[in-house]
Every structure is written in structure tokens, then in C-alpha cells.
Amino acid sequence: MIISAPQKQLLTGLSLSLITVFLSSTVAAVGKHVSQEVHVSSIVMVQYGLSFLFALPAILRSGRAGLVTTRPGLHLIRGISGCACFYLFYLALTHIALVEATLLRASAPLMVPLVLLLWFKQRVSRHAWPPLVVGFVGVILVLKPGFAGFSLWHVLALLSALGLAVSMVSTRELMQGEPQNRILFYYFLISVIVSLPFFLFNYQPIPSSAWLGLLYMGVVIYLGFVLYTLAYRYISASVSAPISYFAVVFSGLLDWLIWDHIPDQLTLVGIVCVVIGGVLVLRNPPEPEHRA
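A few points on the structure. Given the structure is predicted, the values throughout are model-derived calculations rather than measurements.

Here we look at the packing of aromatic side chains
Evaluation of the coordinates by the stated rule reveals 14 aromatic pairs. Geometrically, the ring pair formed by phenylalanine 89 and tyrosine 90 is tilted, given 6.0 Å between the ring centres and 45° between the ring planes. Of the two residues, phenylalanine 89 and tyrosine 90, neither departs from the other in class, the shared state being buried. Residues phenylalanine 188 and tyrosine 222 carry aromatic rings whose centres are separated by 5.8 Å and whose planes lie at 45° to one another, so their mutual orientation is tilted. Residue phenylalanine 188 is found in helix α8 (residues 180-201), and its partner tyrosine 222 is found in helix α9 (residues 208-231); the two are separated by 34 residues along the sequence. Take phenylalanine 188 and tyrosine 222: they sit in the same class, and that class is buried. Ring pairs connect the aromatic residues Tyr48, Phe54, Phe86, Phe89, Tyr90, Tyr187, Phe188 and Tyr222, which therefore count as one cluster. The positively charged end of lysine 32 is found above the aromatic ring belonging to tryptophan 259, 5.7 Å away from the centroid. In this structure, arginine 78 packs its charged tip against the face of tyrosine 187, placed 4.4 Å from the ring centre.

Right under this line is the structure:
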């Protein structure tokens, strides 16, 4: 069977996205475990600090030309939104189940059209509204407002999805004119700067037993970001975004194997609604294909 160039490009992008999702799921599980010993600000700082060190050699080899960018504002938006996504997600993980936090963060594709509306003034087509409504109904079912299971931590996990949605759109925009090394360098640099005040304010000695997990998170997060950024060279955010729902499957398995947690019926129904809503968004891709 001969695979055409567009098909090969699509398969490459989807494969990179799927690997990224799996790696992110293992990082989330390790983060939930490590957060019992280490403050979230330390987890975020070590994660971005290691990633910055990994990204530094490539940018240094490029010299001054590797640092020059015409889109500093977009780098800043991506850095702050991505850092906020992780910080809020790890905070939520300390208090709610892995699968619930992951599902709420994975609702980011549903927020992409809203981000595009506010950012680029691109209207959401009437055909895109039904999937969005179905998806947000699922989010409400997982949040369980008015029920005993609802908490501030669920809201923080949902806000992390908003940060991820902004990061997804800004990443795609940057990929149209900026090299991958520069994007990663500025992302990690900005994230370290943003994380530092929180780390210093909440500073606590890191126990030796937590370092293996922290090192794993730092290395794998960097690898995941490389693959995540590379995937956008092959497919758009609107195509890769639904792949993020595989994180719910991976996280559900890890939640069950490690913490013996099984979602209740309302959460399962919510998960199905969010996944269906996100996948249906593919029928009407909301993302503009800007070229820089």
C-alpha cells in the first residue's frame, strides 16, 4: 500500500501527538505522587529549570541569530499560559483524582474556538456549536456543581485547560515563522522567570526521595514539548487536539492501577460527552491557518 505525502504527514503528526499524550500522562501520575512530598511550586520550577538547561545548547549553537525574534509578545503569551496550565493542573492533582484533573485539562480543544473568537475575532460557525455544547455539558457533569464532589480544585483543573488552549493557539502561530529551538528556548526561559517568585515564596527543602520523580518529570516534559512542538509542523491544533483525549484513557488506567480509583457513573458520562464533543470539533476545524 502506497501512502501519499499528505497521509504520511498526517500519520506523523498524529503519532507524535499520541506519544506526547502518553508521556504527559505518566508525568501527571508521577507529579501526583511527588506532590505528597514537594510543594507544587518546586515541581514546576524543577520541571522548567531542567527543560531550560536541555534547550540551552541548541540555542547557543545558533548564536545571536537564534535569539532574535519578531514575535516577543506571542512568546510571552505562550510562556505565561503554558506555565499557568501546569501550575494549576498540579495544584488540582493534589486534591482530586488523576482522571478527573486530566479530563478537565483535556477539555482545552473545546476552548480553542472561544480563544480564537476573543483573540482573532473569528466567529464560531453555527455547525461548531453542537459539539461545543455537548462537550461543555460533559465538563459540567464532571464538575458536579451542587453535588458533594464539586470543589475549587475541579475549577482549577478547568482553568488549566484554558491556559492550554491559549498555549495551543499561540504555538501554532509561532510555528509559522519561528524555528523550534527558539520557541522552546523562550518558552522555558519565560516559564522559569514566572515560576521563580512562587518557588522562592513557598521554598522548602526537597527530600532526596522526591528527586528521582522530579528528574523523570523534567526529562520527559522536555521530550514531550519537543514532540508536541514538532507535531505542529505536520498537523494543525484542530486536528491534533482531539488526540489529547487519549490522556483520559491512560490516566484512567494509571488511576486504577496505582490509586485503585474508579470514576463514578456521572463522571463516566461526562467523560464520554467531552470526548464526543472534542472529536466532533474535527468536522469543522476552528483554527485559521495563518502564515507569518
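From this point, the discussion proceeds with the structure in view.
Quick word on empty space enclosed by the protein
One water molecule sets the probe size; rolling that probe over the atoms shows where empty space is left. Inspection of every chain in the model, using the stated rule, returns two cavities of 30 Å³ or more. Taken together, 30 residues line the largest cavity, and the ones lying closest to its centre are Thr20, Ser24, Leu164, Tyr228 and Ser244. For the lining of the largest cavity, the secondary structure elements donating two or more residues are α1 (5-34), α3 (72-93), α4 (98-105), α5 (108-120), α7 (152-175) and α9.

Some remarks on the environment of valine 40
You can see valine 40 is positioned in helix α2 (residues 40-62). In the structure, valine 40 is positioned 46 residues away from phenylalanine 86 in sequence and 9.5 Å away in space, judged by C-alpha atoms. Excluding residues within four positions of it along the chain, valine 40 makes contact with Tyr87, Tyr90, Leu91 and Thr94.

A word on a nonpolar patch on the surface
Taken together, the side chains of Leu18, Phe246, Val249, Leu253, Trp256, Leu257, Ile258 and Ile262 present a nonpolar region at the surface, about 810 Å² in accessible area. If you tally residues by element for the nonpolar patch, the top one is helix α11 (residues 246-259), at six residues. The topology assignment puts tryptophan 256 in helix α11. Classification of tryptophan 256 as partly exposed rests on a relative accessible area of 45%.

Rules used in this analysis
- Residues numbered from 1 in each chain as written.
- Predicted model: local features only at pLDDT ≥ 70, side-chain atom pairs only at ≥ 80, totals over all residues.
- Heavy atoms only, no water.
- Phe/Tyr/Trp six-rings, centres within 6.5 Å; stacked < 30°, edge-to-face > 60°.
- Buried < 20%, exposed > 50% of the residue type's maximum accessible area, 1.4 Å probe, protein only.
- Helix = DSSP H or I, 4+ residues; strand = E, 2+ residues; numbered from the N terminus.
- Lys NZ or Arg CZ within 6 Å of the ring centre and 35° of its normal.
- 1 Å grid on protein atoms, 1.4 Å probe; cavity = no way out; pocket = protein on both sides within 12 Å on 5 of 7 lines; lining within 4 Å.
- Points joined across faces, edges and corners; volume = space filled by probe spheres on them.
- Contact = heavy atoms within 4.5 Å.
- Patch = residues over 30% accessible without salt bridge, like charges linked within 9 Å, V, L, I, M, F, W, Y side chains within 5 Å.
- Areas by Shrake-Rupley, 256 points an atom, 1.4 Å probe, with all protein chains shown as cover.
- Salt bridge = Lys/Arg side-chain N within 4 Å of Asp/Glu carboxyl O.

That is the geometry; function is a separate question.
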